[in-house]
Amino acid sequence: MQPAASRTVVEPEAPWAGVKIGEECSGSEILMRALYQENVHTIFGYPGGAIMPVYDSLYTYTHKRSPWFKHVLVRHEQGAAHAAEGYARVSGEVGVCIVTSGPGATNTLTGVADAMMDSVPIVVIAGQVGIKSLGSDAFQEVDLVDMAQPITKWSYQIRRPEDVAWAVNRAFYIARSGRPGPVVLDFPRNAQVGKAVWMPGKADKVRSYNPYPKIDENAVKQAADLINNAKKPFALVGHGVELGNAQEELRTFLELADIPAGRTLLGLSALPSDHPLNMGMLGMHGNYAPNIKEQECDVLIAIGMRFSDRVTGRLDSYAKQAKIIHLDIDPSEIDKNVKTDVAVIGDCKESLAAITKLLNKADHSKWISSFKPLQEEEYREVINPSIHPTEGPLLMGEVINAVAEASKDDAVMVNDVGLNQMFSCRYFKFRHVRSIVSSGGFGTMGFGLPAAIGAVFGAPTRQVVLFTGDGGFQMCIEELGTIMEQQTPLKIILLNNNYLGNVRQWQDLMFNHRRSFTHMLNPFYQKIAEGYGIAYDVVINREDLKDKVANMLAADGPYILECAVKEEENVTPMVTPGSAIDEMKLHLDI
């Protein structure tokens, strides 16, 4: 029996290839139609035995004169999941990938976990052995639903062709609504080839699932009262602002109440880098001023962020002087890490607007000006030497700054994990929303290259640049094949320091320079680029950097710019492990 759910029948907008509504067709064909109804345009995937019926149906709709879908053949299923993430992060739509059973499905789970940690809406459709073979240890059988359950919003096995459209409609509704996240659909072969009557529809409700909690007016009033009476308010801007499309509401809120703001790593493009109330990035390798001032404010307003350990430092000393207001759509985040005084649970697009209506026009210029000496100290001691060095080998900061300036802060910035991530988040600048694609909570090395491919397809009119280290680049280097085949115009800045640099920095800091297996023997990247037919250049000398960056950005197709950067460069400032957030060090004594 089909599970109960609210599903509205809607008329299709496409010519349905001779099968009329109400006529029977295969479960695989129903999947294609359901995906079209969900406004899917791009699919990342990799075929295999248990998903072949789906790929046979997909053939029809990718080889038409006016194809319904663009299918991007990746070179590894983990790449499919990360590409779907990159697509979703920049487009605001649900990313989709299709893979086969067994190892094909399990290979996606790293990307699924990454999406869950960062609240990214993707739908993974995985093949499965037929229902009659389940539990028999059949070839490439795995219990995907149970494996995926802890790292998804919903995982479900479609056991009958009659349930395909229902499951797809529900999957997309769950993935994109409320706090977004990944959904996994396990699709046994019998449900792919079996026949059922197709009826197009949309899910608009799921029993016991309340993605948009009703905002408590009393909590709104309490929050507004605290803000109106604050002398030193400070806002923490998180990824939830962009997920809720609340960027304009955020600016109105901050400007009316004259509140300085710090941004989390995933919230960097929610507020323009040059906005006068933007005080910089929060956290372990964030900016000096916002981290220090968090410990001085009297009212702390957290907006769409989860008080990650990388933001708070030691919890027992975090913002004890402040009244804390937390705006979040997910009730489970309230009081999880930091005890709040007022919680406004709901969509921040609505909650910010509701609070703003009750705010008085404020002037906190004296408080805001107190950030300036700390900003100047960081610029003098750390930033200027990092982006404008005069001697020695190339530095990561100066490379990133050169790319940011050459792209006029308009590009989508993707990074991998490690020093390249911290430096690029510190020194790249943002003017537009949805301009950063980064593995925040899960910290997945290898994320950058496939996610950047997805970002190119998700934002086809924008320049996409990827900063990656030599370690992370090699973890998913096979996706250069995807770039070769698609001629994806991605610009890859390979920051090569011959180390797993971030781990090496921690080894120097915490393990007395005992560098256990962090030095890397690297391949000849020019030959690799030639093998894939991708344009390549290398920067060794500082005087060549500007021109070579310009050549890269001006090139029509994909491009790898390898930069030979200082081997033992450290990223600072830093809140060392076990320290309070205001114990941030501008320099490390290592």
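Above this text sits the structure in question.
Residues numbered from 1 in each chain as written. Predicted model: local features only at pLDDT ≥ 70, side-chain atom pairs only at ≥ 80, totals over all residues. Heavy atoms only, no water.

(A) Region of the structure containing the overall build of the protein. What the protein contains, in helices and strands, is 24 helices and 22 strands. Against the 2.2 N^0.38 benchmark of 25 Å for 590 residues, the protein shows a C-alpha radius of gyration of 25 Å, consistent with a compact globule. In terms of its C-alpha atoms, the protein occupies a principal-axis envelope of roughly 70 × 65 × 40 Å. Per-residue burial over the protein gives 60% buried out of 590 residues. Sequence separation of 24 or more characterises 77% of the internal contacts of the protein that already satisfy a separation of 6 or more. Accessible area of the protein: about 23400 Å², with a carbon and sulfur share of 51%. (Helix = DSSP H or I, 4+ residues; strand = E, 2+ residues; numbered from the N terminus. Rg over C-alpha atoms; globule rule 2.2 N^0.38 Å. Buried < 20%, exposed > 50% of the residue type's maximum accessible area, 1.4 Å probe, protein only. Contact = heavy atoms within 4.5 Å. Areas by Shrake-Rupley, 256 points an atom, 1.4 Å probe, with all protein chains shown as cover.)

(B) Molecular detail of the pattern of salt bridges. A full pass over the atoms with the stated rule returns 24 salt bridges. We note a salt bridge from Glu38 to Arg176, for which the minimum N-O separation is 3.1 Å. In this pair, Glu38 is assigned in the loop between helix H1 (27–37) and strand S3 (42–45) and Arg176 in helix H7 (residues 164–176), connecting sequence segments 138 residues apart. For Glu38, a relative accessible area of 3% puts it in the buried group. (Salt bridge = Lys/Arg side-chain N within 4 Å of Asp/Glu carboxyl O.)

(C) Just the sheet that holds strand S5 (residues 95–99), in detail. Ordered in space as S4-S3-S5-S6-S8-S7, the six strands form an open sheet in which the pairing is parallel. Single-partner strands in this sheet number two, and they are strand S4 (70–73) and strand S7 (154–157). Ignoring which end each strand starts from, the neighbouring axes of this sheet average 20° apart. Pairing of S7 with strand S8 (residues 183–188), which is carried by four bridges, proceeds in the parallel orientation. Of the residues in S8, the one forming a bridge with Tyr156 is Leu185. (Pairing = 2+ DSSP bridges. Axes fitted to C-alpha atoms, helices over the stretch in contact; angles between N-to-C directions.)

(D) Looking closely at the nonpolar core. The biggest cluster of nonpolar side chains holds 95 residues, and the ones touching the most others in it are Phe253, Leu300, Ile303, Ile355 and Phe428. In terms of residue count, helix H17 (residues 396–406) provides more of this core than any other element does, six residues in total. Ile355 has contacts with Val220, Ala223, Ala224, Ile227, Phe253, Leu327 and Val344, leaving out every residue within four places of it along the chain. One finds Leu58, Ile158, Trp166 and Ala203 within the second-largest nonpolar core, a separate group that totals 41 residues. (Core = buried A, V, L, I, M, F, W, Y, C linked by side-chain atoms within 4.5 Å.)

(E) Geometry of the pairing of strand S21 (residues 535–539). In the sheet, S21 pairs with strand S22 (residues 559–564) via five bridges, with the strands oriented parallel. Its bridge partner being in S22, Val539 is matched across the sheet by Cys563. Taken together, S21, helix H24 (residues 545–554) and S22 form a β-α-β motif whose crossover is right-handed. (Right-handed = clockwise from strand over helix to strand, strands pointing away.)

(F) Up close: a nonpolar patch on the surface. Together, Ile21, Val197 and Met199 give the surface a local cluster of nonpolar side chains, amounting to about 220 Å² of exposed area. By secondary structure assignment, the location of Val197 is in strand S9 (residues 195–197). (Patch = residues over 30% accessible without salt bridge, like charges linked within 9 Å, V, L, I, M, F, W, Y side chains within 5 Å.)

(G) Expanded view of the sheet that holds S21. Taking strand neighbours across the sheet as the criterion, the six strands line up as S18-S17-S19-S20-S22-S21 in an open arrangement whose pairing is parallel. Strand pairing shows two members of the sheet lacking a second neighbour, strand S18 (436–437) and S21, which therefore form its edges. Sitting on the sheet, H17 touches strand S19 (464–469), strand S20 (491–496) and S22, and the angle it makes with S20 is about 165°. Each of strand S17 (412–415), S18, S19 and S20 touches helix H18 (residues 419–427); the most contacted strand, S17, lies at about 155° to it.

(H) Structural detail: the packing of aromatic side chains. Following the criterion strictly, the structure yields 16 aromatic pairs and no others. On the basis of an interplanar angle of 50° and a centroid distance of 4.9 Å, the ring pair of Tyr36 and Trp68 is categorised as tilted. A residue pair is termed long-range when its members are at least 10 positions apart, and Tyr36 in helix H1 and Trp68 in the loop between helix H2 (52–62) and S4 qualify at 32 residues. Looking at Tyr36, the relative accessible area reads 26%, which means it is partly exposed. Consider the rings of Phe44 and Phe457, whose centres lie 6.1 Å apart with planes at 75°: the pair is edge-to-face. On the criterion of sequence distance, the pair formed by Phe44 in strand S3 and Phe457 in helix H19 (residues 448–458) is long-range, its members being 413 residues apart. (Phe/Tyr/Trp six-rings, centres within 6.5 Å; stacked < 30°, edge-to-face > 60°.)

(I) Geometry of the side chain of Thr518. Position of Thr518 relative to the elements: it lies in the loop between helix H22 (501–510) and helix H23 (525–531). On the accessibility criterion, Thr518 (1% relative accessible area) is buried. At 2.9 Å, the side chain of Thr518 and the side chain of Gln507 are in polar contact. Excluding residues that lie within four positions of it along the chain, Thr518 makes contacts with Asn498, Tyr499, Leu500, Val503, Arg504 and Gln507. (Polar contact = N/O pair within 3.5 Å; in protein donor to acceptor, adjacent residues only side chain to side chain.)

(J) Seen up close, the packing of helix H11 (residues 247–257) against helix H14 (residues 348–356). Where H11 meets H14, the axes come as close as 9 Å, and the angle between the chain directions of the two elements is 25°. Taken together, H11 and H14 sit at an angle that is classed as roughly parallel. Judged by the sense of rotation from one axis to the other, the crossing of H11 with H14 is left-handed. Between H11 and H14, the residues in contact are Glu249, Leu250, Thr252, Phe253 and Leu256 and Lys349, Leu352, Ala353, Ile355 and Thr356, respectively. (Parallel < 35°, antiparallel > 145°, perpendicular 65-115°, else oblique. Left-handed = near helix turned anticlockwise from the far one by under 90°.)

(K) Structural view of unusual backbone geometry. With an omega of 0°, the peptide bond between Thr572 and Pro573 qualifies as cis. You can see Pro573 is positioned in the segment after S22. In this structure, Gln140 is a non-glycine residue whose phi angle is positive, near 60°. Residue Gln140 is classed as partly exposed on the basis of its relative accessible area of 26%. One non-glycine residue, Phe517, lies in positive phi territory at about 60°. Following the sequence through the fold, Phe517 ends up in the loop between H22 and H23.

(L) Focus on helix H9 (residues 217–228). Given a rise of 1.5 Å per residue, twelve residues ought to cover 16 Å, and the 16 Å separating the end C-alpha atoms of H9 matches this to within 8%. Between a side-chain oxygen at the N-terminus of H9 and the backbone nitrogen of Asn218 the separation is 2.8 Å; the capping residue is Asp216. (Expected span 1.5 Å × (residues − 1).)

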